[in-house]
Amino acid sequence: MKIMPNRMDRGFEKYQEEFEKKAVEVLRSGWYVLGKEVSSFEEEFASYIEGNYCVGLASGLDALWIAFRLLGIDQGDEVIVQGNTYIASVMGITMNGATPVFVEPDAYYGIDADKIEEKITPRTKAILVVHLYGVASRMDKIVALCEKYNLRLVEDCAQSHGARFNGQMTGTFGDVGCFSFYPSKNLGAFGDAGAVVVKDKKLADKFKVFRNYGSEKRYYNKVVGANSRLDELQAGLLRVRLPHLDELNREKEAIANRYTEKLNNPKLILPKIPKGATCVWHQYVLRCDERDRLIQYLEEKGIGTIIHYPIPPHLSEAYAYLGHREGFLPITEEYAKTVLSIPMYNGMTQEEQDYVIKALNEF
Ligand SMILES: *Cc1c(COP(=O)(O)O)cnc(C)c1O
């Protein structure tokens, strides 16, 4: 049997008719950028996330860097972020000239809230929380710290569409919730797409102006903005998938629960969810001391895996200028050496799951 780490075709096939009908409708409409599909999606997504306003953008990275730009964070400012994230989280900070200050993760792969306070300096302006792998971070402590030190709070929800902490949706705790709809995300488009969910109407309006060259009225430009518009086709296709998101997340949850129940190899450390949090299982990430041998073994059995992520941002070439050396973040670095995402996707058959479980237990 051949099992790929992810199968986006299965997620398409499940609602193929609905997707094709919407695509043709948008193509025939003659209106392709910033129209009724985008504004309807913004309303529907804000309502799903239980937030106030949503603004559609071109990608998750744009959501992050434009959020920091509009919150006024720039050169000389520090933003606290976990060490073990996808590099886009960090680029969202540094594209504005600000400095990322890394904090180690906890046992659930989220930022360790107990290690944040010691990193706060007079230059700290914000905390960026990443709900990694679909697990909601422990927000109670983080929100309290933001209030105590008057910090901005931004959430990277690229992997957490629909996850909650103490009943509250991720993306609604702080000033801005940043979402990606890259095809492999829990709510995936068929190309690049992103959005922000914002509490404050004035800030939401700023995003709308900024994404369109800083212009509200055509050819009248208020600020130097960007081109970061969500297009009608992606918005329309996202509107088809959104009503199915809960069902899609539940399907992944059932697969994850099955993995957790049936995997019994003591060589593997399985993922856990903190008290109060829910997880939408963007990835099922386990750890193994013999990770690289495990990859090879699974490969020979036809099972593909992915490492999220093999090089932590502080050690990547792109961030050599920050001057961090190996050993600076021992837990982050240990995770980079041992984490492995095993195949898990919507439409994964029980037979495929059992094949993965058997192979892992026999390792
Ligand atoms: C995917 C992802 C992003 C970036 O989203 P794009 O739409 O690819 O720009 C940012 N942060 C995290 C945690 C992600 O997984």
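In the block above lies the structure referred to throughout.
Being a predicted model, the structure only gives us computed values, none of them experimental. Throughout this document, residue positions are counted from 1 along each chain, in the order its sequence is written. Where local features are concerned, this predicted model is filtered to residues with pLDDT of at least 70; where side-chain atom pairs are given and counted, the filter is 80 or more; whole-chain, interface and lining totals use all residues. Calculation of side-chain values draws on the structure's entire complement of heavy atoms; hydrogens and water are dropped beforehand.

Focus: the site of the ligand
Argument step 1. Around the ligand, 13 residues are found, and the nearest of them are Gly-60, Asp-156, Gln-159, Ser-180 and Lys-185.
Argument step 2. Pairs of N or O atoms within 3.5 Å make up the polar contacts considered here, provided that, within protein, one atom can donate a hydrogen while the other can accept it, and that residues adjacent in sequence are counted only when both atoms are side-chain atoms. Between a nitrogen atom of the ligand and a side-chain N or O atom of Asp-156, the distance comes to 2.7 Å.
Argument step 3. Between the ligand and the protein, one listed contact pairs an oxygen atom with a side-chain N or O atom of Ser-180 at 2.6 Å.
Argument step 4. Protein chains shield 91% of the accessible area of the ligand, which is 380 Å² for the free molecule.
Argument step 5. Grid spacing is 1 Å over the protein atoms alone, the probe is 1.4 Å, and a cavity is where that probe fits but cannot get out, while a pocket is an open set with protein on both sides within 12 Å along at least five of seven lines and lining residues have an atom within 4 Å of a point. The rule for placing a molecule in a cavity or pocket is simple: more than half of its atoms must lie within 2 Å of the grid points. Placement of the ligand is best described as lying within the largest pocket.
Argument step 6. Considering every element that reaches the shell around the ligand, the biggest residue donor is helix α4 (residues 60–70), with three residues.
Argument step 7. We call Asp, Glu, Lys and Arg charged. Ala, Val, Leu, Ile, Met, Phe, Trp, Tyr, Cys and Pro are nonpolar, and the rest, Gly among them, are polar. Here the residues of the shell around the ligand sort into six nonpolar, five polar and two charged. Note on terminology: near, applied to a residue and a molecule or strand, indicates that one of the residue's heavy atoms is within 4 Å of it. Surface accessibility follows the Shrake-Rupley procedure with a 1.4 Å probe radius. Residue values consider only the protein chains on display as shielding. For helices the rule is a DSSP run of H or I covering at least 4 residues; for strands it is a run of E covering at least 2, with both sets numbered from the N terminus onward.

Description of empty space enclosed by the protein
Argument step 1. Grid points are joined across faces, edges and corners, and a volume is the space filled by probe spheres set on the points. For the structure shown, the criterion picks out three cavities of 30 Å³ or more.
Argument step 2. Lining the largest cavity, in full, are Asn-84, Thr-85, Tyr-133, His-308, Tyr-309, Ile-311, Pro-312, Pro-313, Thr-332, Tyr-335, Ala-336 and Val-339.
Argument step 3. For the lining of the largest cavity, the element with the most residues is helix α11 (residues 330–338), which contributes three residues.
Argument step 4. For the lining of the largest cavity, the per-class residue count stands at eight nonpolar, four polar and no charged.
Argument step 5. Split by domain, the residues of the lining of the largest cavity number at least three in each of domain 1 (9–243) and domain 2 (244–362).
Argument step 6. Reported here for the second largest cavity is a volume of approximately 50 Å³.
Argument step 7. What lines the second largest cavity is simply Tyr-108, Tyr-109, Tyr-133, Val-135, Pro-271, Lys-272, Cys-279, Trp-281, Gln-283, Tyr-284 and Val-285.
Argument step 8. A breakdown of the residues in the lining of the second largest cavity according to their chemical character gives nine nonpolar, one polar and one charged. An automatic or database domain assignment provides the domain bounds reported here.

Some words on the pairing of strand β4 (residues 124–130)
In regular strands, side chains alternate between the two faces of the sheet.
Argument step 1. Counting buried positions over the seven residues of β4 gives six, a clear majority of the element.
Argument step 2. Both strand β2 (residues 78–82) and β4 contribute to a ladder of four bridges, which runs parallel. Within β4, the residue paired with Val-81 across the bridge is Leu-128.
Argument step 3. Only strands that DSSP links by at least two bridges are regarded as paired with each other. Both β4 and strand β5 (residues 152–156) contribute to a ladder of five bridges, which runs parallel. Residue pairing for β5: Val-129 is matched across the bridge by Glu-155.
Argument step 4. Seen with its strands pointing away from the viewer, a crossover is right-handed when the path leading from the first strand over the helix to the second is clockwise. At this point the chain moves from β4, through helix α6 (residues 139–149), to the parallel β5, and the crossover so formed is right-handed. Think of it in three bands: residues with accessible area under 20% of the maximum for their type are buried, residues over 50% are exposed, and the middle band is partly exposed, with areas taken using a 1.4 Å probe on protein chains only.

Side note on helix α7 (residues 201–210)
Argument step 1. Inspection of α7 places Leu-203, Ala-204, Phe-207, Val-209 and Phe-210 among the buried residues, and these make up the whole buried set.
Argument step 2. Looking at the buried side of α7, the elements it contacts are β1 (53–57), α4, β8 (176–180), β9 (194–198) and β10 (215–217). In what follows, a contact means two residues having at least one pair of non-hydrogen atoms within 4.5 Å.

Structural notes on the pairing of β5
Argument step 1. With four of five residues buried, β5 lies mostly within the body of the structure.
Argument step 2. In the sheet, β5 pairs with β8 via three bridges, with the strands oriented parallel. Bridge pairing in β8 places Glu-155 opposite Gly-177.

Some words on the layout of surface pockets
Argument step 1. One number sums up the size of the largest pocket: a volume of about 530 Å³.
Argument step 2. What lines the largest pocket is a set of 32 residues, and nearest its centre among them are Tyr-86, Tyr-182, Ser-184, Lys-185 and Tyr-309.
Argument step 3. Taken together, the elements giving at least two residues each to the lining of the largest pocket come down to α4, α5 (87–94), β8 and β14 (339–342).
Argument step 4. When grouped by side-chain class, the residues that make up the lining of the largest pocket number 16 nonpolar, 12 polar and four charged.
Argument step 5. There are two domains that each give the lining of the largest pocket at least three residues, and those are domain 1 (9–243) and domain 2 (244–362).

Points about the sheet that holds strand β13 (residues 284–288)
Argument step 1. Read from one edge of the open sheet, three strands run β12-β13-β14, paired in antiparallel fashion. Edge strands, defined here as strands with exactly one partner in the open sheet, are β12 (268–269) and β14.
Argument step 2. Sheet topology note: the β12/β13 ladder contains two bridges and is antiparallel. Considered in β13, the bridge of Ile-269 is made with Arg-287.

So, the packing of helix α3 (residues 36–49) against helix α8 (residues 232–241)
The relative placement of two packed helices comes down to the angle between their axes together with the axis-to-axis distance.
Argument step 1. Angles shown run from 0 to 180 degrees and are taken between the N-to-C directions of axes, each axis being a line fitted to C-alpha atoms and, for helices, limited to the stretch in contact. Contact pair α3 / α8: the axes reach a minimum separation of 8 Å and the direction vectors enclose 40°. It follows from the interaxial angle that α3 and α8 lie oblique. For the element pair α3 and α8, the recorded crossing hand is left-handed. Where α3 approaches α8, its residues Lys-36, Glu-37, Val-38, Ser-40, Phe-41 and Glu-44 are matched on the opposing element by Glu-232, Ala-235, Gly-236, Leu-238 and Arg-239.
Argument step 2. Tallied by class, residues from the contact of α3 with α8 come to four nonpolar, two polar and five charged. Note that the term roughly parallel is reserved for angles under 35 degrees, roughly antiparallel for angles over 145, roughly perpendicular for angles of 65 to 115, and oblique for everything else. Here is the rule for handedness: rotate from the far helix to the near one, and if that takes an anticlockwise turn smaller than a right angle the crossing is left-handed, while a clockwise turn gives right-handed.

Considerations on the sheet that holds β4
Backbone hydrogen bonds are what pair the strands of a sheet, in a parallel or an antiparallel way.
Argument step 1. Strand order in the open sheet made by the seven strands is β1-β9-β8-β5-β4-β2-β3, with mixed pairing throughout. Strands at the two margins of the open sheet, each flanked by one partner only, are β1 and β3 (99–103). For this sheet, the mean inter-axis angle between neighbouring strands, taken without regard to orientation, is 25°.
Argument step 2. Lying on the sheet, α3 is in contact with β1, β8 and β9; it crosses β1 at an angle near 125°.
Argument step 3. Most of the contacts of α6 go to β5, to which it runs at about 150°, and overall it touches β4 and β5.

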